[in-house]
Structure formats: C-alpha cells, structure tokens
Amino acid sequence: MSLISLVGVGKDFGIRTLFGDLDLHVGERERLGLIGPNGAGKSTLLKVLAGVEPLDRGERRCSPKLAVVLLDQDPCLDPERTVLEHVFAGGAERMRLLRAHEDLSHQLAANPEDAGLHARLSDLHRQMDASDAWGLERQCHEVLERVGIGDVHRRLGELSGGNRRRVALAAALVAQPDVLLLDEPTNHLDADGVEWLQTWLDRYPGALVLVTHDRYLLDRVTRRIVAVERGEARRYEGNYATYLQHRAEEDEREVASAAKFKGTLRRELAWLRQGPKARSTKQKARLQRIAAMQEAPVRQARGSLSLASTARRIGRRAITAEGLGVNAGPEGDGPPLLRGFDYDFGPEDRVGIIGPNGAGKSSLLEVIAGRRPPAEGTLELGSTVKLAYFDQHSEVLLAGSSGRGLERKVIDVVKEAASRVEVDGQEVSASQLLERFLFPPAQQHQPVAKLSGGERRRLHLCRLLIEAPNVLLLDEPTNDLDVHTLSVLEDFLEDFRGCVVVVSHDRWFLDRTVDRLFHFEEGRLRRFEGNYSSYLEQRAAAAAAAEATAAAAPRAETAPAAARPEAAGPRRRSFKESRELEAIERDLPAWEERRRELEDLLGQGGADYDRLNTLTEELAELMVRIGAAEERWLALSELAG
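These numbers were taken from a predicted model, which means no experiment stands behind them.

1. Some remarks on the sheet that holds strand S18 (residues 499–503)
Taken together, six strands build an open sheet; the order of strands is S14-S17-S18-S12-S19-S20 and the sheet is mixed. Strands at the two margins of the open sheet, each flanked by one partner only, are strand S14 (387–390) and strand S20 (524–529). The mean angle between the axes of side-by-side strands here comes to 15°, regardless of whether they run parallel or antiparallel. Across the sheet, helix H11 (residues 361–368) is in contact with strand S12 (350–354), S14, strand S17 (471–475), S18, strand S19 (516–521) and S20; its angle to S17 comes to roughly 155°.

2. Thoughts on the side chain of lysine 42
By the element assignment, lysine 42 lies in helix H1 (residues 42–50). Buried charge without a partner: lysine 42 forms no salt bridge, and the closest opposite charge is aspartate 482, 5.8 Å away. Of note is the side chain of lysine 42, whose polar atom sits 2.9 Å from the backbone oxygen of glycine 36. Leaving out residues up to four positions away in the same chain, lysine 42 has contacts with Leu34, Ile35, Gly36, Pro37 and Val211.

3. Some details on the packing of helix H5 (residues 136–146) against helix H6 (residues 161–175)
In the contact formed by H5 and H6, the axes pass within 9 Å of each other and the chain directions differ by 145°. In the crossing of H5 with H6, the sense of the turn from one axis to the other is right-handed. Each of Leu136, Gln139, Cys140, Val143 and Leu144 in H5 lies in contact with H6, whose residues at this interface are Ala170, Leu173 and Val174.

4. Regarding H5
Of the residues making up H5, those classed as buried are Leu136, Gln139, Cys140, Val143 and Leu144. For H5, the arc enclosing every buried residue in end-on projection is 130°, short of the 170-degree limit, so these residues lie on one face. Of the residues trailing H5, glycine 148 is marked for its positive phi of about 95°.

5. Topic: the environment of valine 152
The residue valine 152 is located in the loop between H5 and H6 in this model. Take valine 152: its relative accessible area is 9%, and that puts it in the buried class. When the C-alpha positions of valine 152 and cysteine 140 are compared, they lie 9.6 Å apart, and in sequence the two are 12 residues distant. Sequence-distant contacts of valine 152, that is, excluding residues within four places in its chain, are made with Thr82, Val83, Leu84, His141 and Leu144.

6. Some words on the packing of aromatic side chains
Taken as a whole and judged by the stated rule, the model has 12 aromatic pairs. Ring centres of phenylalanine 341 and tyrosine 343 lie 6.4 Å apart, and the angle between their planes is 20°; this geometry places the pair in the stacked category. With respect to burial, phenylalanine 341 and tyrosine 343 carry one shared label: buried. Measuring from ring centre to ring centre gives 4.7 Å for tyrosine 343 and phenylalanine 345, while their planes differ by 90°; the resulting arrangement is edge-to-face. The burial state of tyrosine 343 is the same as that of phenylalanine 345; both residues are buried. Ring pairs connect the aromatic residues Tyr216, Tyr236, Tyr240, Tyr243 and Trp508, which therefore count as one cluster. Between the NZ or CZ atom of arginine 458 and the centre of the ring of phenylalanine 439, over which it lies, the distance is 4.9 Å.

7. Considerations on the nonpolar core
The biggest cluster of nonpolar side chains holds 40 residues, and the ones touching the most others in it are Val414, Leu434, Leu459, Leu472 and Leu493. Tallying contributions element by element places helix H16 (residues 453–465) first for this core, with five residues. Not counting chain neighbours up to four residues away, the residues in contact with leucine 493 comprise Arg350, Leu472, Leu474, Val500, Phe509 and Thr513. Among the nonpolar cores identified, the runner-up in size contains 35 residues, and Cys140, Val152, Trp196 and Leu217 belong to it.

8. Let's talk about the sheet that holds strand S7 (residues 207–211)
As summarised here, the arrangement of the six strands in space is S5-S6-S7-S3-S8-S9, forming an open sheet in which the pairing is mixed. The sheet terminates laterally at strand S5 (68–71) and strand S9 (232–237), the two strands that pair on one side only. The mean angle between the axes of side-by-side strands here comes to 15°, regardless of whether they run parallel or antiparallel. Where strand S3 (residues 31–35) lies against S7, four bridges are found, and the strand directions are parallel. Bridge pairing in S7 places glycine 33 opposite leucine 210. Lying on the sheet, H1 is in contact with S3, S5, strand S6 (179–183), S7 and strand S8 (224–229); it crosses S6 at an angle near 160°. Sitting on the sheet, helix H7 (residues 191–203) is in contact with S3, S6 and S7, with an inclination near 155° to S6.

Cut-offs used in this document
- Residues numbered from 1 in each chain as written.
- Predicted model: local features only at pLDDT ≥ 70, side-chain atom pairs only at ≥ 80, totals over all residues.
- Heavy atoms only, no water.
- Pairing = 2+ DSSP bridges.
- Helix = DSSP H or I, 4+ residues; strand = E, 2+ residues; numbered from the N terminus.
- Axes fitted to C-alpha atoms, helices over the stretch in contact; angles between N-to-C directions.
- Contact = heavy atoms within 4.5 Å.
- Buried < 20%, exposed > 50% of the residue type's maximum accessible area, 1.4 Å probe, protein only.
- Lys, Arg positive; Asp, Glu negative; His and termini not counted.
- Salt bridge = Lys/Arg side-chain N within 4 Å of Asp/Glu carboxyl O.
- Polar contact = N/O pair within 3.5 Å; in protein donor to acceptor, adjacent residues only side chain to side chain.
- Left-handed = near helix turned anticlockwise from the far one by under 90°.
- Arc of directions from axis to C-beta.
- Phe/Tyr/Trp six-rings, centres within 6.5 Å; stacked < 30°, edge-to-face > 60°.
- Lys NZ or Arg CZ within 6 Å of the ring centre and 35° of its normal.
- Core = buried A, V, L, I, M, F, W, Y, C linked by side-chain atoms within 4.5 Å.

Here you go:
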C-alpha cells in the first residue's frame, strides 16, 4: 500500500531542472535512500514528499490523516521553548492520549459507577498500549541523552546550531510518524550516537526516507535507492552496495553506447562528404537519418570531480606537541579538555581523532591551526609546513573580507587565493579548477548565496586546496558533502603527500583515510593503531572478555542473613580461595610490569604498524585481566584467612 505518491511531478530551480516527470511511491515500512550530488534536489524532493514544497507540475497524493515528519537541515524552532517542551511536542499524539487519560481518571474518581466512562477508558488504554504512550517521558529523556543533549530545560534560543539540530532529530524520532523524512540526520552526532541511530532506524515500524552521507548507515538501513541527478530521478532496488554495482554496470553500458553512436555518426558523415556519384541511390532517406542523429539529445555525461594533488614539499617534521593542554571556551579560557598530550606528527601521518561530543576534538584542531592558544605545553610546526584547516564553518571563509559577504561570485572566492595554480605539473586557471570541482562556467558567476549547503562546502574545499597545503586539518569533513564527493576526497587523501589529521564521526570515511586513532578519554588521548572498524572490534572484544571474566569468577558462598549464626563472625576463605589469592598476588606484579613495558614500546612509535597493532591488542587484553584480578583480590582479601 502506497502512503505517499508523487505522479508526474517536476520541480525547477531557476533555469535548472531538479527533476521532471517523476513517479515515486512510498509504501508501508519503506526504507528509501535518496542520493545524488550536492544541489541536485535531494532536500527539495524530501520537502515535496512532506508537502511543504510546491510542485511546478504533477501531483502529490496521500491520506489527509497521514502523519509525516520532516527533519530539515535548518529546522525552525521556537526559541522560547525548552528542549523538553519541544521534544514532547514531537510526541503530540501520545501526549494527547496521556492528557485524555488524566481527564478520564478524574471523571471516574467523581463517578466511579459510570459504565460509559469505563468503556472509554478501556478503549483509551488500548490506544496507549499500541502507541507506547505510557513511556513517553522516559523515551524523551532517553533519546535526548543518546543524541548528546544533557540540559533538557535550556531554552532552544540559547543552543548552538548543532545542538538545535540534535533536538530537532530527537523530536522527529519521538513523534514516531507514519512516514519519517530525515535530511542528513547524522550531522553533529558523535560515532556512538550514529551507531545508536542506526539501531533505532532498523527497528522503526513506519516508513523511512533518508538523505545521508553516512554510507554505512545508507547501506545497512535502506532497501531501495533513488538517485537524483541531471534532472532525473532513477530508481534502484537494493541497498547502497547493490546500487554501486548497478551504477558501475550502467556506466559501462553508457560508455559503450556513446562510443557506438559516435562511430555510426562518423561513418554516416564520411558517406555524406563523398561525391554525389559515390553515394547510395537512397540519398534522401539517409540524409534525413543523419540529420536526426545530429539533432538527437545526447545524454549528458556525469560530472567527474577531480581533486588533483597540489601539495608542496614537506620536511621530516610536521607538528610536534609536548605536554599540550587544551581548555574549553572560545578563547581557550574555560575548563580543561585535554592535558599532557605528547606526539610527533610525521610528514605522511594519517591520524583520526574520535570521542564524544564536547570532549575537545574541534578545540584541539583549533589549537593546532593557531586559532586559539594552548592551555599548557608547546606546539611547534615544521619550517616547511603550509597548513589548511577545513573547519565546520565554511561561511566565514566564503564571506571573505571584501564586505560583500555571500553576494560575491563563486569564481571571486577562488581568485582571492590564486588566479592560476599548478596541478600535477600543469598550470590551470581558477575557472578550470572550479570545473574540476563540478562548478560549470555558468554557475561560477552566480553569487555564493545561491549555492546549496553541500556546494558551499565543496567550494570551501576548492578554496583551501588551491593554496597547495601539505598539512590538512579536517573537522567533520563529511558534513553536507554528497557521497560521490566524499569518495573522490578519500581517493585524493590516499595520494596526498602530506600530513592529514581528521576529526570525524563518519565510520566509512575513517576506515578509508586513517591508520592511527586518538580517542578522548577523561581528558587524555589514548592511542590506537588501526582504522575505526579495527578499533570497534577491539573495543567489543575487550568488553566481551571483561564480561566473561566477571561471569567466570566464583561467587562468594554466603548464607542467607537469617540463617547465619550471630556468633559465627566473618566467613573464612576456603582452601581453594586461599590458593587463588596467592596466585593473584604472585601474577599481578608481573602483569603490571608487562603493562609498563607495552606502554613504553607504544610510546616509542615506529613505522611497523602490524607490530604496533599487535602490542595495542595485547595491552587491551592485559588491562582487562589486571582489572578483573584486582577486583577478585579485593573480594578475597576481605575474607578471614
């Protein structure tokens, strides 16, 4: 059964067609992913499905009672409402049931014999059971905690843009509509929040339409893909991995078809250039066929983003941090976030920094970039370092210092850095470089204000790379970039001859771009050799080992208090427990000594990543064993000998 149907719909944006003559049906328990380049119309199509964007042609059909919720990239929230009030409003239907229950309960207290009230209350209970209205308040608090919102009584007007987005996401999830439309829901979530959201969406009973750059989420949640590109919306059955396979096959067929068409046209034109005597007698029909081939619309080739390397030479030392400390606050004058960080970033390091929201990841990058002073310690850049910082606030760079702000032309933003640049040994103009970043000549002379959020991020990236940096600091680079641009950026970083430091919650991006992680834990950065998937596997293995150790540890044999003689005193250790205590006291010092050795070896670093990964895994297992042994020693030592 179709919940929302778009029939022959079309939408234009100025002189550009976003999509035309589109038929799209959203069925029950739909799991639909929308993908396409920035500016292609994904967000607009979501708004059309939600009924908040007018159509230029075609029609939208759905039941008037259908509950549809759209999470927009720029949600409009009442600044006077508190966080909890807004999320409660998301569950408006369940709140109505709760209030109706409260009213009926008061009426029954006054008229306990009223059979009609009892019948209404019974029916209301069934509705509340079906919608889980009983647990609304608990669920509101749980969802807010999971998306990283702690103070539920703050007014929305006091929150940052990222926190407002997370509150809007929480309200959309709590609402549990028939159709849930999510536009980049993972923006501003940390990695644990994304993992939780994926699990939540897997269990969601309604229909889901999703726009996201998170390819793991797209692959694991969706069952159908619609690709919006070049004025078309093409449908593919299956998840993201299946879509990639179909798309590769399509590209091969299109290349072969285009080559065949060009060959046929070339032969026909060669015939036409021959003298009249050499031509066939069926001259008129053949001339008409050639004219038709020349006038036939040619399917426009897909834009191919090219991020060629422009990096300059870098010396043996990139960044050296000694005893580095970072504080919170815009001027670094707030409470401490990081203490005692020591590390030498090498000239070709690929480092990822992970941790919960608010831990200090972006603040650390700002210190490295020189935008705020360190709270303690020193930070020194190599003499040949040319640093570029791709932060989360592209508006500042794109607005420029000319006073014209976002009304400047796209090409002017790039020309401010350089009018020409050498790319892979070849000199290209600012206009040619913009074309490599999928900005056609007509768009280059439009104001920046007319670009979509993702297009502005792509322009920001172009503006930075034209300066030929050799150290890249990337703060949540995947936010607002389409999956194709991300794939090309990943390929670029693989060939980039320089140091890369990445803060990201995007698991796919981290897996492809880093080979070492630093994880924020209680004001310290813990080092891990490997990518993000390896880190998750080790963390899961350590948790499982700790659980198994705790489950295997024998429980103290204590009799019920009522059955224990009062004069018996404390329980004595058994012979077996005494031997166990002796073994722990014998083994624990050796384990501690090995722990110190492993930490020293890891601190020395080195280029043998396989060996470092083995040492890291051994240290994690040893820490679990030491923790379990210490807890068991405490339990046994409290017993009488």
